[in-house]
Every structure is written in structure tokens, then in C-alpha cells.
Amino acid sequence: EVQLQASGGGLVQPGGSLRLSCAASGFTFDDYAIGWFRQAPGKEREGVACITSGGHKFYADSVKGRFTISSDNAKNTVYLQMNSLKPEDSAVYYCALTEQVLGLPINCLRYAMHYWGKGTLVTVSS
């Protein structure tokens, strides 16, 4: 059973930083796409940053230059380093994974992901 455990959310002031972690377990496929999505109240869930097993990365325009996605294959963990945070970054952040690699940015659309973890709340406020 594929499991995704996200952590690292919290309250941070505008301009601050947070690092989210997503520990994945229970999957055996070699090819995959994994990424971070977020959903703010009243808004649809959107792809923030995704990475494939081949190392290709995608970032939403709203986070380019501020967020960095990385992976530690030995630990089966994906990270999202978030810098220069803004109030509009406040949302529940979800980690998602699929074994069906369609390429980026397609794999960073929510319908392209098969497995979802529980979210972690990020609040950017002074």
C-alpha cells in the first residue's frame, strides 16, 4: 500500500521560510512523478511543484524563484523548500504520487496523480 506522509507545515511570518517533507513508502515502481499541491479555502487544489524519477522539475509560475523541490531517493523523501513566503501561499499542502509518468507539466495536474497523502497546513501571517 502506497503511503505518503507530509510534515513541516506551520505558522510563519511573511518573508519567512519553511521546508515541507513527504516520506513515501509502499511503492515498488521505478518510474514516478511526485509533487506538492495546495488548496486554499474556497479555491481548487493546484499543483505547486513536481519532480519525476528522471529528475525533471516543474514549478507553478506563482512560486518560481521562491520554492525548490528536491528528493532524497535513499530516504524516499521529497522536500519543498519555501522561501520568501507570502500570505497568498497560505493553504493546506498535499503530497501526491503517480506511477504513470506523462511528463511535466501534465503530471503536476491533480487529476494526473493517483496517491495522496494527508495535508499539512501552512499559514503565512504577521
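Residues numbered from 1 in each chain as written. Predicted model: local features only at pLDDT ≥ 70, side-chain atom pairs only at ≥ 80, totals over all residues. Heavy atoms only, no water.

Trainee: So what's going on with the overall build of the chain? Which residues, and what values?
Mentor: On a plain count of helices and strands, the chain comes out with zero helices and 11 strands. Along its sequence from the N terminus, the chain presents helices and strands in the succession β-β-β-β-β-β-β-β-β-β-β. Radius of gyration (C-alpha) of the chain: 13 Å, near the 14 Å computed for a compact globule of 126 residues. Overall, the C-alpha framework of the chain stretches about 45 × 25 × 25 Å when taken along its three principal axes. Summarising the internal contacts of the chain: among those between residues at least 6 apart in sequence, 59% fall at separations of at least 24. Where the 11 positive side-chain charges of the chain centre and where its 10 negative ones centre are 7 Å apart. (Helix = DSSP H or I, 4+ residues; strand = E, 2+ residues; numbered from the N terminus. Rg over C-alpha atoms; globule rule 2.2 N^0.38 Å. Contact = heavy atoms within 4.5 Å. Lys, Arg positive; Asp, Glu negative; His and termini not counted. Charge placed at Lys NZ, Arg CZ, Asp CG, Glu CD.)

Trainee: So what's going on with the state of the cysteines? Which residues, and what values?
Mentor: Tallied over the entire structure, the rule returns two disulfides. In this model Cys50 forms its disulfide with Cys108; the gap between the sulfur atoms is 2.0 Å. Looking along the S-S bond of the Cys50-Cys108 disulfide, the torsion reads about 80 degrees, which is the right-handed sense. Taken together, the residues span a long stretch of sequence, with Cys50 in strand β5 (residues 46-52) and Cys108 in the loop between β9 (91-98) and β10 (115-116) at a distance of 58 residues. Among the residues examined, Cys50 registers a relative accessible area of 0% and is labelled buried. Look at Cys108 and you get buried, because its relative accessible area is 3%. Disulfide partners in the chain, listed by the sequence order of the bonded cysteines, are 1-3, 2-4. (Disulfide = S-S within 2.5 Å. Buried < 20%, exposed > 50% of the residue type's maximum accessible area, 1.4 Å probe, protein only.)

Trainee: Outline the packing of aromatic side chains, listing residues and values.
Mentor: Aromatic rings in a pair are described by how distant their centres are and how their planes are angled relative to each other. This model, assessed by the stated rule, comprises four aromatic pairs. Where Phe27 meets Phe29, the ring centres are 5.1 Å apart and the plane angle is 35 degrees; that geometry is what we call tilted. Here Phe27 matches Phe29 in class, with each residue buried. Between the aromatic rings of Phe27 and Tyr32, the centroid separation amounts to 5.8 Å while the plane-to-plane angle is 65 degrees, which identifies the pairing as edge-to-face. Above the ring of Tyr94, the side-chain terminus of Arg45 is found at 3.7 Å from the ring centroid. Just above the ring of Trp116 sits the side chain of Arg45; from NZ or CZ to the centre is 4.9 Å. (Phe/Tyr/Trp six-rings, centres within 6.5 Å; stacked < 30°, edge-to-face > 60°. Lys NZ or Arg CZ within 6 Å of the ring centre and 35° of its normal.)

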